[in-house]
Amino acid sequence: MAQIRFRDPAGSVRTGELSDGEITAAGRTYDRDAVDVLPPVEPTKIVCVGRNYAKHADERGADVPDRPLLFLKPPNAVAGPGDEIVLPEGKERVDHEAELAVVIGKQARNVDAADVDEYIAGYTCFNDLSNRDDQDQEKNWVRGKAFDNSAPIGPAIAPPEALPDDASIELRVNGETKQSSTIEHLIFSIPELIEEITTYLTLEPGDLIATGTPEGVGPLSDGDEIEIEIEGVGTLEHTVVRE
Ligand code: MG
């Protein structure tokens, strides 16, 4: 059962179970559309993986890396389902990047690829919003990738067993499909990523690993409505506006 965070009509933040558009929490049932759905986790950090699909590396004119290309998004980047995201002011090109995100369930350090299952709480949808104006002229991508609300996540945490090995990942802008692939095309697998990342840093419960985007990234415009749908995981919806 998928786990969802929300603010109930009285204003309390709760965690519940989502099923068929209904949320069950502490013995009560809520209509999902009648509550404010929040980001499913409050990560201390988001570890993102760049160029982890060959066709996306290609469309960016870049080679596939020989080890995972890692960068960070800090907690200020988190946004939730249904949010209206204000894009950074004065930038020509801010792109969508649909990604599968791994939700960490247990503190992880020096984890062997064979043992990752016990550290994975589940999966959620992720949009790695990317300010290309600045990304293309900086090395550490702080302006390009870490700006406020640059990481919409949700809508819920799907349990690990809900994700098929060949799960489809699709992104639509105003109903038109822009990205469509499957996670079979990941260059570095989820176990390989967790082993590599935890060699260097400790992942805490609620931290996320954004596993990279398939081809089809593209610019967003004022008022665009975005949907990211991952098979077995759910659909994350949000809008964007220009400042
Ligand atoms: Mg990305």
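Here goes a summary of the coordinates provided. (Residues numbered from 1 in each chain as written. Predicted model: local features only at pLDDT ≥ 70, side-chain atom pairs only at ≥ 80, totals over all residues. Heavy atoms only, no water.)

**Notes on the environment of I183**
So, point 1. Inspection of the secondary structure puts I183 in the loop between β16 (176-182) and α4 (190-200).
So, point 2. Judged by relative accessible area, which is 9%, I183 ranks as buried.
So, point 3. As a C-alpha pair, I183 and L100 span 83 residues in sequence and 8.1 Å in three-dimensional space. (Helix = DSSP H or I, 4+ residues; strand = E, 2+ residues; numbered from the N terminus. Buried < 20%, exposed > 50% of the residue type's maximum accessible area, 1.4 Å probe, protein only.)

**Overview of unusual backbone geometry**
So, point 1. The peptide bond linking G154 to P155 adopts the cis configuration, its omega dihedral lying at 5 degrees.
So, point 2. By the secondary structure assignment, P155 is in strand β14 (residues 151-158).
So, point 3. Phi at D20 takes a positive value of approximately 50 degrees, unusual for a residue other than glycine.
So, point 4. When you line up the elements, D20 lands in the loop between β2 (13-19) and β3 (22-25).

**Some thoughts on the coordination of the magnesium ion**
So, point 1. Around the magnesium ion, the protein contributes the donor atoms E97 (OE), E99 (OE) and D128 (OD), which lie 2.0 Å from the metal centre.
So, point 2. Each donor residue of the magnesium ion lies on the same chain, and together they follow the pattern E-x1-E-x28-D. Pair noted here: E97 is in the loop between β10 (94-96) and β11 (98-104) and D128 is in the loop between β12 (120-127) and β13 (130-131), with a separation of 31 residues, a long-range link.
So, point 3. On the basis of relative accessible area, E97 is assigned to the buried category, the value being 4%. (Donors = N, O, S within 2.8 Å, 3.2 Å for Na, K, Ca; no water.)

**Section: the sheet that holds β10**
So, point 1. One open sheet holds the three strands; their spatial order is β13-β10-β18, and the pairing between them is antiparallel. Single-partner strands in this sheet number two, and they are β13 and β18 (218-219). (Pairing = 2+ DSSP bridges.)

**Considering α4**
So, point 1. Of the residues making up α4, those classed as buried are I190, L193, I194, I197 and T198. Angular distribution of buried residues about the axis of α4 spans 115 degrees; they occupy a single face of the element.
So, point 2. Where the residues of α4 are buried, they touch β6 (46-50), β7 (69-73), β11, β12 and β17 (208-210). (Arc of directions from axis to C-beta. Contact = heavy atoms within 4.5 Å.)

**With respect to the packing of aromatic side chains**
So, point 1. Applying the stated criterion across every chain yields a total of two aromatic pairs.
So, point 2. On the numbers, 5.0 Å between centres and 70 degrees between planes, the contact of F71 with W141 is edge-to-face. In this pair, F71 sits in strand β7 while W141 sits in the loop between α2 (132-135) and α3 (142-145), placing the two residues 70 residues apart along the sequence. For the pair F71 and W141, a shared accessibility class is recorded, and that class is buried.
So, point 3. Sitting above the plane of the Y119 ring, K106 keeps its charged end 4.9 Å from the centroid. (Phe/Tyr/Trp six-rings, centres within 6.5 Å; stacked < 30°, edge-to-face > 60°. Lys NZ or Arg CZ within 6 Å of the ring centre and 35° of its normal.)

**A short note on the pattern of salt bridges**
So, point 1. Tallied over the full model, the rule gives 18 salt bridges.
So, point 2. For R172, the salt bridge goes to E229, with nearest N and O atoms at 3.0 Å. With R172 in strand β15 (residues 168-173) and E229 in strand β19 (residues 225-230), this pair connects stretches of sequence that are 57 residues apart.
So, point 3. Taking the relative accessible area as the measure of exposure, R172 reaches 13% and is therefore buried.
So, point 4. With relative accessibility at 35%, the residue E229 sits in the partly exposed group.
So, point 5. One network of salt bridges, in which partners are shared, links K73, R93, D95, E97, D128, R132 and K145. (Salt bridge = Lys/Arg side-chain N within 4 Å of Asp/Glu carboxyl O.)

Take it as geometry only, folks, not as evidence of what the structure does.
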